[in-house]
Amino acid sequence: MKKPILILPCSGIGKPFGSIARDATFRVCDELRLGKADTLCLSLLVMGDEEARNRVASSQCIVVDGCPMACSRNNVDRSAGNIVTEFKVMDLLRENRGFKPREVTFLDEDGEKLSKILADKIAAKIDELMEESE
Amino acid sequence: MKIKPKVGVVSCSGECCSLGTLSRVATRFVLEDLRYDQTVTICLPLFLAGETQEHGFAKEHPTIAVDGCGKLCAKKAITKYSNKPAAGVDVEALLKEWGVDPPKNRRILDSVELGEARRLAELLAAKVDEIQEAD
């Protein structure tokens, strides 16, 4: 069985964008591509946990950032992670201008829709990466 | 009258397990409902990877670390970059103390699990009050 692709969302807690990144990641790991994708705690990685660092260095990583601070990308980069693709919720908002997510704790209707769109994009990318490595 | 600083509530939001979700939801309950005017937060990865401004967060605010598991990333991060947290909660240990299982799903909490998040949020709110009273 192929090694799961790691998805690392920022999980930002102040705005809906981090919640969308987080929610979409769980949709992919736990539903859409169960067994083909996995995640790990970004904070644990940033704290320098050796196991987390080894995992990002030896896996294909997809980073998902909610805001321009790009915490996921920057932190995976600093941990010598192997980033193969980057998704930005701000890009998703630009592509779907009609959606105005507002809620952070529990996504509202627009947040849910954006999370589904993002999850589908991530899942499609995982399929592509898996095919390439065959 | 002395103006009391807002209390920082920093959740680990750990993605590895549902305890990170519980920590995060409880933290949000405190921020947006229970102690709306008295609390602030910062994304833990931003705090960790940030510079002077981000690291100053816990120097400006007495801070509560809300950690999903015994790895205590939030507590360790605050201690490393700013000050010892004014308070901390290890949610994994707390649930054991309560005799409660971790949530089954890390994306969606059911009604019972939301009740546990609310219970945790009330405990955090009480800690916010204690910190502000002591200040």
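Small disclaimer: the values here were computed from a predicted structure and weren't measured. (Residues numbered from 1 in each chain as written. Chains lettered and ligands numbered in written order. Predicted model: local features only at pLDDT ≥ 70, side-chain atom pairs only at ≥ 80, totals over all residues.)

Some remarks on the sheet that holds strand β1 (residues 7-11) of chain B
Residue and element names in this part refer to chain B.
Part 1: Spatially, the four strands line up as an open sheet ordered β2-β1-β3-β4, and their pairing is parallel. At either end of the open sheet lies a strand with only one pairing partner, and these are β2 (39-40) and β4 (87-90).
Part 2: The pairing of β1 with β2 spans two bridges and is classified as parallel. Looking at β2, one finds that Gly-8 is bridged to Val-40.
Part 3: Along the sheet face, helix α1 (residues 18-34) touches β1, β2 and β3 (63-67) and points at about 160° away from the line of β1.
Part 4: Helix α6 (residues 91-98) rests against β3 and β4 of the sheet, and its axis sits at about 65° to β4. (Pairing = 2+ DSSP bridges. Helix = DSSP H or I, 4+ residues; strand = E, 2+ residues; numbered from the N terminus. Contact = placed C-beta atoms within 7 Å. Axes fitted to C-alpha atoms, helices over the stretch in contact; angles between N-to-C directions.)

So, the sheet that holds strand β1 (residues 5-9) of chain A
Residue and element names in this part refer to chain A.
Part 1: Here four strands make up an open sheet; going across it, the order is β2-β1-β3-β4 and the pairing parallel. In this open sheet, the two strands that pair with only one neighbour each are β2 (37-39) and β4 (83-88). For this sheet, the mean inter-axis angle between neighbouring strands, taken without regard to orientation, is 25°.
Part 2: Taken together, the three bridges between β1 and β2 define a ladder with parallel strand orientation. Across the sheet, the residue bridging to Ile-5 is Ala-37, located in β2.
Part 3: Together, β1, β2 and β3 (61-65) form the strand contacts of helix α1 (residues 16-32), whose direction differs from that of β1 by roughly 160°.

Quick notes on the interface of chain A and chain B
Part 1: Counting from both sides, the interface comprises 27 residues of chain A and, opposite them, 25 residues of chain B.
Part 2: When contributions to the side of chain A that touches chain B are tallied by element, the ones reaching two or more residues are α1, α2 (42-46) and α4 (71-78) of chain A.
Part 3: The element that contributes the greatest number of residues to the side of chain A that touches chain B is α1 of chain A, accounting for seven residues.
Part 4: Its residues assigned to classes, the side of chain A that touches chain B comprises 13 nonpolar, 10 polar and four charged. (Nonpolar A, V, L, I, M, F, W, Y, C, P; charged D, E, K, R; others polar.)

Digging into unusual backbone geometry
Part 1: In this model, Ala-70 of chain A sits at a positive phi of 50°, which is unusual for a non-glycine residue.
Part 2: Along the chain, Ala-70 of chain A turns up in the loop between β3 and α4.
Part 3: Of note, Ser-13 of chain B is a non-glycine position whose phi angle comes to about 55°, a positive value.
Part 4: Position of Ser-13 of chain B relative to the elements: it lies in the loop between β1 and α1.

Re the environment of Ile-83 of chain A
Residue and element names in this part refer to chain A.
Part 1: You can see Ile-83 is positioned in strand β4.
Part 2: Remark: the alpha-carbon pair of Ile-83 and Arg-102, spanning 19 residues in sequence, is separated by 29 Å.
Part 3: Beyond its immediate stretch of four places on either side in the chain, Ile-83 contacts Cys-61, Val-63, Arg-73, Val-76 and Asp-77.

Comments concerning the confidence of the model for chain B
Residues and elements named next belong to chain B.
Part 1: Of the residues in chain B, 99% reach a pLDDT of 70 or more, and the chain-wide mean stands at 93.
Part 2: Across chain B, the secondary-structure element scoring lowest on mean pLDDT is helix α3 (residues 52-55), at 80, and the one scoring highest is α6, at 98.
Part 3: Across the whole predicted complex the pTM is 0.95, and at the interface the ipTM reaches 0.94. (pLDDT = per-residue confidence, 0-100.)

Structural notes on the pairing of β4 of chain A
Residues and elements named next belong to chain A.
Part 1: Summarising the sheet, β3 and β4 pair through five bridges and their orientation is parallel. Bridge assignment links Val-64 to a residue of β4, and that residue is Phe-87.
Part 2: The parallel pair β3 and β4, bridged by α4, forms a crossover whose chirality is right-handed. (Right-handed = clockwise from strand over helix to strand, strands pointing away.)

Details of the packing of α1 of chain A against helix α6 (residues 109-132) of chain A
All names here are of chain A.
Part 1: Across the interface, α1 lies against α6 with an axial gap of 8 Å and an inter-helix angle of 50°. What the angle tells us is that α1 and α6 run oblique. Judged by the sense of rotation from one axis to the other, the crossing of α1 with α6 is right-handed. Only Gly-111, Leu-114, Ser-115, Leu-118, Ala-119, Ile-122 and Ala-123 of α6 make contact with α1, whose side of the interface consists of Pro-16, Ser-19, Ile-20, Asp-23, Ala-24, Arg-27, Val-28 and Leu-32.
Part 2: Broken down by class, the residue content of the contact of α1 with α6 amounts to 10 nonpolar, three polar and two charged. (Parallel < 35°, antiparallel > 145°, perpendicular 65-115°, else oblique. Left-handed = near helix turned anticlockwise from the far one by under 90°.)

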